[in-house]
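Architecture and fold: a report
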Amino acid sequence: MNRIMKISFLTFILMMAVGMVFAQGRGRGMGRGAPAWDDEMGNRPERIEFTSEQKSKFIEIGADLAEKQIPIHARIDQLNLQLDELQNSKDLDEKKLRSLMSAKGELRAELQINHMKAENKARALLTSEQLEKLGDRPVPFM
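The structure presented is a predicted model; accordingly, all values stated were derived computationally and were not measured. (Residues numbered from 1 in each chain as written. Predicted model: local features only at pLDDT ≥ 70, side-chain atom pairs only at ≥ 80, totals over all residues. Heavy atoms only, no water.)

1. Points about the environment of Q78
Quick note on the threshold: Helix and strand labels come from DSSP, where a helix needs a run of H or I of at least four residues and a strand needs a run of E of at least two; each type is numbered from the N terminus.
Its location among the elements puts Q78 in helix α2 (residues 52-88). As for Q78 and S8, which are separated by 70 residues in sequence, their C-alpha atoms are 9.9 Å apart.

2. Observations concerning the pattern of salt bridges
Basically, it comes down to this: The working definition used for a salt bridge is a side-chain nitrogen of Lys or Arg within 4 Å of a carboxyl oxygen of Asp or Glu. To sort residues, take the accessible area from a 1.4 Å probe on protein chains only and compare it with the maximum for the residue type: under 20% means buried, over 50% means exposed, and anything in between is partly exposed.
Across all of its chains, the model carries 4 salt bridges by this definition. Linking E119 and R123 is a salt bridge whose minimum nitrogen-to-oxygen distance equals 3.2 Å. Pair noted here: E119 and R123 are both in helix α3 (residues 94-124), with a separation of 4 residues, about one helical turn. Here E119 falls in the buried class, since its relative accessible area comes to 12%. Measuring nitrogen to oxygen at the nearest pair gives 3.5 Å for the salt bridge that ties E129 to K133. Of this pair, E129 and K133 both sit in helix α4 (residues 128-134), 4 residues apart, which is roughly one turn of the helix.

3. Brief notes about the packing of aromatic side chains
Two numbers describe a pair of aromatic rings. These are the distance of the centres and the angle of the planes. Under the convention used in this document: Only Phe, Tyr and Trp rings take part, Trp by its six-membered ring, and two of them pair if their centres are within 6.5 Å. Stacked means planes under 30 degrees apart, edge-to-face means over 60, and tilted covers everything else.
Taken as a whole and judged by the stated rule, the model has 1 aromatic pair. On the numbers, 5.1 Å between centres and 85° between planes, the contact of F50 with F58 is edge-to-face. Exposure remark for F50: the relative accessible area of 8% places this residue in the buried category. Note on F58: relative accessible area 0%, which makes it buried.

Structure below.
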């Protein structure tokens, strides 16, 4: 019962964090152009203006990404709880430990792959001029 409560609580916290990102104007400067951070030399990057259609598509991409990532994060949280239990047990089952760590690694890779796919979808919406201004900065789809 205690384990279910922990999983439920962690899932709730994760959902609240995603909700806060959406409530804050989609994070990282959505609606106001690209995120404004300095490069290595302290120079501000050139501001990028996005069309309303691009912004709308960025929101869709971000929402789709969040929908894919939330269950993966929840599964990672479950694996972390299992790892904690295993660590606190008297006898360390190395085979089970390797299995849990392998599963966690695969899920983390899936998170990264999903993020890269979303980034590629967002970049495909940009003009060559916008891509040039953006450089290697991430597209503000989330």
